[in-house]
Number of protein chains: 2
Amino acid sequence: MAALRSRLNNGLLRFWIYQAVGIENRYVHSVFKDGEIFSKKIYSFKQSSSLIFNQSCGNHITLTSHSYSQTPEHEKKSTDKSHRSPHSLVEKDLSSLTDEIRQEFSTASKELCEVVEYYFDGQGKAFRPMVVLLMSHACNKHINLYNPQIIKSQKRISVIAEMIHTASLVHDDVIDAADTRRGKTSVNLVWGQRKSILAGDFILSVASMALARIRNEQIVTILSQVIEDLVRGEFMQLGSKEDENERFSHYLRKTFKKTASLLANSCKAVAVLANCEEDVTDIAYQYGRNIGIAFQLIDDLLDFTSCDKTLGKPTAADLKLGLATAPVLFAAQQYPQLNSLIMRRFSKSGDVETARHLVAKSEGVEQTKLLAIQHGREAIRQINQLDQSDEQRALINIVNMVLNRSK
Amino acid sequence: MAALRSRLNNGLLRFWIYQAVGIENRYVHSVFKDGEIFSKKIYSFKQSSSLIFNQSCGNHITLTSHSYSQTPEHEKKSTDKSHRSPHSLVEKDLSSLTDEIRQEFSTASKELCEVVEYYFDGQGKAFRPMVVLLMSHACNKHINLYNPQIIKSQKRISVIAEMIHTASLVHDDVIDAADTRRGKTSVNLVWGQRKSILAGDFILSVASMALARIRNEQIVTILSQVIEDLVRGEFMQLGSKEDENERFSHYLRKTFKKTASLLANSCKAVAVLANCEEDVTDIAYQYGRNIGIAFQLIDDLLDFTSCDKTLGKPTAADLKLGLATAPVLFAAQQYPQLNSLIMRRFSKSGDVETARHLVAKSEGVEQTKLLAIQHGREAIRQINQLDQSDEQRALINIVNMVLNRSK
């Protein structure tokens, strides 16, 4: 069982950390502050390597190594049904997702269809639709609602969320001149830049049409905000910030807009469709926001830790694109020489290697994971406010999946 | 006074044509079919060089050289007020247009703002908002409606139409790698490709947000269709058609989607907002559709006739982009050697010059103008079904402006 001590000061967050020791099926979990034990709790765990965390007070968080369970002893027990995988709970809807999306494109010309359908090949993880569908059911059950018409509209939101996400991938690949996506040649390499730009525009416009058909102005506003945020986030990513303190908050705002806004607003949208009260729509929004940020932090971390099959070393794709993500920003606090590399967007020969080396030496990766865990914890705290249901528990399990994914 | 005979067969339309002879303030206007006089009519005209036209029967149209009036002797007289320029009738709204659009971008970051506002510099013709505002007033007066709230929403449509149009210009300039736009350096040259792609996306998303705020699902659907059409039109433009007959219909469908759909659907939207009956909303749509196609045909024609100040000869920008527009497609009927050049998108050295030369020798430009006039005539026929008003007459005058513009 891993033990970790770290002190983190990023200008926004200050953590004093932790020791988690596994004894049989229990964690004895201590939180330290300036070398003194600050709090101690005992948690049980069901799986062999679970990470258990708890915010004792203020900005303190605790963690272990690489996975966790959300169920401290004193919390409600999960039922047998909670072992059903999140995916299996909405399997039927997810299996028809690709067909439904392709159906939306059916009026396009043959060639345009081929381009826009290229990334809708059923090979994606469908992470966003899965979260949105589970949130729909969790909200519906929370308010004892069963209305096939509303469920149908909520399903449309999951389809639209996947379309907006994919449209942004298409434009991202053009902007980044990407070579590959999900193991296949990128859309821009296959079809060229101009057709890819148009394909992205087309997917967005078809999504807007599908959105309009839901005939709910509030929903249109909520999801139009997502598209606006995606662009703003992408734009924020293009600029480097001189001020080191501002840099981290800029990164977090960018992360919200580029990744979390879609999840936050899609989750909110399905709660609004169910006519939930504002406190419930806010829970849905905050769950989506926090799991979205956690997802992106782990994504940024994996860029430094997961090995490319061919290269046998981390791809550091972000560094190569000139992007300073959380691991680098944290590392720069330990190794200030990274600041000049960040400012010039790793453009000089050797910059990428130097940055990768310093990040590996630093605690940047661990601190990024910490921050992801904190957001995961908040997502769970939010969703725990909804009545228990298979889907509510699945949303908790998804946090685990997000934090422990290795690719 | 020009006299012209021409025979045109494009696989879709067949015209037998005409002699128009000016005598004092009258045209004696004859239509010939296969060398025989088919019909003869006498029209008065007020301006010194007016084109008067009439569809005698079937596919026959008549024309003179370069301008026209819509008021044959037997038609209703225009009042003094009709002499007010279309622009002056909606001047107040148009003067605040740029400010209103810039207001929509106020929440964006400084740099993003600079890029997205670059083409909203108040120097554009604001042709689309002018048509939309005039159509709003014409429809409102037709049904004796005065509702400030509805007028406000109609004005929003004019703002949104200009935003959608400008977003498409931004992406067009990226796709075409354009150097200039309206006499200034193109957005992609100033800001680079990636920021321009994002700026286009951002303008579209802000337009979608503004659209959602109107809170009318039908309006959202109508204008989302425009964005979809714009992309489809752009995509259609990328492909050459092998079949010569199909080529012209492909070009006309492309023209509708790329240019006319925005006018048609914006005009329809303001009529829908006024709660007009379906016959009136259809008039608005058909007016916008026809003036939109006429506008694009004249645009395509000017590419072969208006001289570049520096070069002292037509720019033939479309040919250089590989595009075969109406003048070339017509010319290819007289000079079939153009077909292979069209198919290879004028890509071989000397192709552009050869095509320009053959178009100049052919009647392609005149035939394009004929087709534009036919669409202008149909736009007038449609709008003449609405009650007379200053704005209704202005919409008729705009057809004149479109057909006679020289840049």
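Novice: Looking at this structure, how should I read the overall build of chain A?
Specialist: Within chain A, the secondary structure is distributed over 17 helices and seven strands. A burial count over chain A gives 59% of its 407 residues as buried. Surface exposure of chain A reaches about 16,800 Å², of which carbon and sulfur atoms provide 47%.

Novice: Help me understand the packing of helix H3 (residues 97-104) of chain A against helix H6 (residues 148-176) of chain A in this model?
Specialist: Two quantities define a packed helix pair, namely the angle between the axes and the distance from one axis to the other. Residue and element names in this part refer to chain A. The interhelical angle for the contact between H3 and H6, taken along N-to-C directions, is 75°, at an axis separation of 10 Å. In terms of orientation, H3 and H6 fall into the roughly perpendicular class. Residues Leu 97, Glu 100, Ile 101 and Glu 104 of H3 touch H6, and the partners they reach there are Lys 155, Arg 156, Ser 158, Val 159, Glu 162 and Met 163. Its residues assigned to classes, the contact of H3 with H6 shows four nonpolar, one polar and five charged.

Novice: What am I meant to see in the confidence of the model for chain A here?
Specialist: The predicted coordinates ought not to be read in detail in places where the model reports low pLDDT. Residue and element names in this part refer to chain A. Counting all residues, the mean pLDDT for chain A is 81, and 78% of those residues have values of 70 or more. In this model, residues 1-79 is a region of pLDDT below 50 whose contacts with residues beyond four sequence positions or in other chains number 197 contacts. Across the predicted assembly, pTM comes out at 0.75 and ipTM at 0.70.

Novice: Looking at this structure, how should I read the interface of chain A and chain B?
Specialist: By a widespread convention, an interface's size corresponds to the accessible area lost as its parts come together. Taken together, the contacts link 37 residues of chain A with 37 residues of chain B. Around 3,700 Å² of area is buried between chain A and chain B when both sides are counted, 69% of it from carbon and sulfur atoms. Residue Arg 215 of chain A is joined to Glu 217 of chain B by a salt bridge in which the shortest nitrogen-to-oxygen separation is 4.0 Å. Put simply, chain A and chain B have five residue pairs in polar contact (both at pLDDT 80 or more) between them. Sorting the residues of the side of chain A that touches chain B by element identifies helix H4 (110-117), H6, helix H8 (193-213) and helix H9 (217-238) of chain A as the ones contributing at least two each. Taken together, the residues of the side of chain A that touches chain B sort by class into 16 nonpolar, eleven polar and ten charged.

Novice: Is there a simple way to think about the relation of the copies chain A and chain B in this case?
Specialist: It takes a turn of 180° to lay chain A on chain B, together with a shift of 0.0 Å along the axis; the resulting RMSD is 0.0 Å. Here the symmetry operator amounts to a two-fold rotation axis. In this assembly the copies share their binding face: 100% of the residues contributing to the interface of chain A also contribute to that of chain B.

Novice: Got a minute to help me understand the packing of aromatic side chains in this structure?
Specialist: By convention here, two paired aromatic rings are described through the distance between centres and the angle between planes. Residue and element names in this part refer to chain A. Counted by the stated rule, this structure contains twelve aromatic pairs over all chains. Judged by centre distance (4.9 Å) and plane angle (45°), the ring pair of Phe 248 and Phe 330 falls under tilted. Of this pair, Phe 248 sits in helix H10 (residues 244-273) while Phe 330 is found in helix H13 (residues 326-334), placing the two residues 82 residues apart along the sequence. Relative accessible area serves as the criterion here: at 0%, Phe 330 is assigned to the buried category. Ring-pair connections join several aromatic residues into one group, and the members of that group are Phe 105, Phe 120 and Phe 202. Positioned over the ring face of Phe 295 is Arg 128, at 5.4 Å from the centre of the ring. Here Arg 405 stacks its cationic end above the ring of Phe 295, 4.0 Å away from the centre of that ring.

Novice: Before we go on, may I ask you to explain the pattern of salt bridges in this structure?
Specialist: Should their charged atoms come close, side chains of opposite charge can pair. Residue and element names in this part refer to chain A. Under the criterion given, the structure shown has 43 salt bridges over all chains. In this structure, the salt-bridge partner of Arg 405 is Asp 299, at a minimum N-O distance of 2.8 Å. Taken as a pair, Arg 405 in the segment after helix H17 (390-404) and Asp 299 in helix H11 (residues 278-305) lie far apart in primary sequence, 106 residues in all. On the basis of relative accessibility, which here comes to 15%, the residue Arg 405 falls in the buried class. In this structure, a network of salt bridges that share partners links the residues Asp 93, Glu 100, Glu 104, Lys 155, Arg 156 and Arg 213.

Novice: Is there a simple way to explain the environment of Leu 211 of chain A in this structure?
Specialist: All names here are of chain A. The residue Leu 211 is located in helix H8 in this model. According to the relative accessible area criterion, Leu 211 is buried, its value standing at 4%. Each C-alpha atom of the pair Leu 211 and Ala 316 lies 37 Å from the other, and the pair is 105 residues apart in sequence. Look past the residues within four positions of Leu 211 in its chain and what remains in contact with it is Ile 160, Ile 219, Val 220 and Leu 223.

Novice: Please clarify how the state of the cysteines should be interpreted in this entry.
Specialist: What we call a disulfide is simply a covalent bond connecting the sulfur atoms of a pair of cysteines. Residues and elements named next belong to chain A. Applying the stated criterion across every chain, the model contains zero disulfides over all chains. You can see Cys 139 has no disulfide; the closest cysteine sulfur is in Cys 276, sitting 4.6 Å from it. Cys 139 gets classed as buried once you look at its relative accessible area, which sits at 0%. We note that Cys 267 lacks a disulfide partner, and the nearest cysteine sulfur, in Cys 139, lies 7.9 Å from it.

Novice: Whenever I open this one, a negative patch on the surface confuses me. Can you help?
Specialist: Together, Glu 277, Glu 278, Asp 279 and Asp 282 of chain A make up a region of like negative charge exposed at the surface. If you trace the backbone, Glu 278 of chain A turns up in helix H11.

Novice: Would you explain the packing of helix H8 (residues 193-213) of chain B against helix H9 (residues 217-238) of chain B in this entry?
Specialist: Residues and elements named next belong to chain B. At a minimum axis separation of 10 Å, H8 and H9 run at an interaxial angle of 165°. Between H8 and H9, the interaxial angle falls into the category roughly antiparallel. Both H8 and H9 take part in a crossing whose hand is right-handed. Counted together, Leu 204, Leu 211 and Ala 212 of H8 and Ile 219, Val 220, Leu 223 and Ile 227 of H9 form the full contact between these two elements. For the contact of H8 with H9, the residue count by class is seven nonpolar, no polar and no charged.

Novice: Is there a simple way to think about unusual backbone geometry in this case?
Specialist: The phi torsion of most residues other than glycine is negative, and most of the peptide bonds are trans. The phi dihedral of Ala 316 of chain A is positive, around 50°, even though this residue is not glycine. Mapped onto the secondary structure, Ala 316 of chain A falls in the loop between H11 and helix H12 (317-320). Residue classification places Ala 316 of chain A among the buried residues on the basis of a relative accessible area of 0%. Here the phi dihedral of Asn 275 of chain B falls at roughly 60°; this positive angle occurs in a residue that is not glycine.

Analysis parameters
Residues numbered from 1 in each chain as written. Chains lettered and ligands numbered in written order. Predicted model: local features only at pLDDT ≥ 70, side-chain atom pairs only at ≥ 80, totals over all residues. Heavy atoms only, no water. Helix = DSSP H or I, 4+ residues; strand = E, 2+ residues; numbered from the N terminus. Buried < 20%, exposed > 50% of the residue type's maximum accessible area, 1.4 Å probe, protein only. Areas by Shrake-Rupley, 256 points an atom, 1.4 Å probe, with all protein chains shown as cover. Axes fitted to C-alpha atoms, helices over the stretch in contact; angles between N-to-C directions. Parallel < 35°, antiparallel > 145°, perpendicular 65-115°, else oblique. Contact = heavy atoms within 4.5 Å. Nonpolar A, V, L, I, M, F, W, Y, C, P; charged D, E, K, R; others polar. pLDDT = per-residue confidence, 0-100. Buried area = accessible area lost by both parts, 1.4 Å probe. Salt bridge = Lys/Arg side-chain N within 4 Å of Asp/Glu carboxyl O. Polar contact = N/O pair within 3.5 Å; in protein donor to acceptor, adjacent residues only side chain to side chain. Least-squares fit on C-alpha atoms with pLDDT ≥ 70 in both. Phe/Tyr/Trp six-rings, centres within 6.5 Å; stacked < 30°, edge-to-face > 60°. Lys NZ or Arg CZ within 6 Å of the ring centre and 35° of its normal. Disulfide = S-S within 2.5 Å. Patch = residues over 30% accessible without salt bridge, like charges linked within 9 Å, V, L, I, M, F, W, Y side chains within 5 Å. Lys, Arg positive; Asp, Glu negative; His and termini not counted. Charge placed at Lys NZ, Arg CZ, Asp CG, Glu CD. Left-handed = near helix turned anticlockwise from the far one by under 90°.

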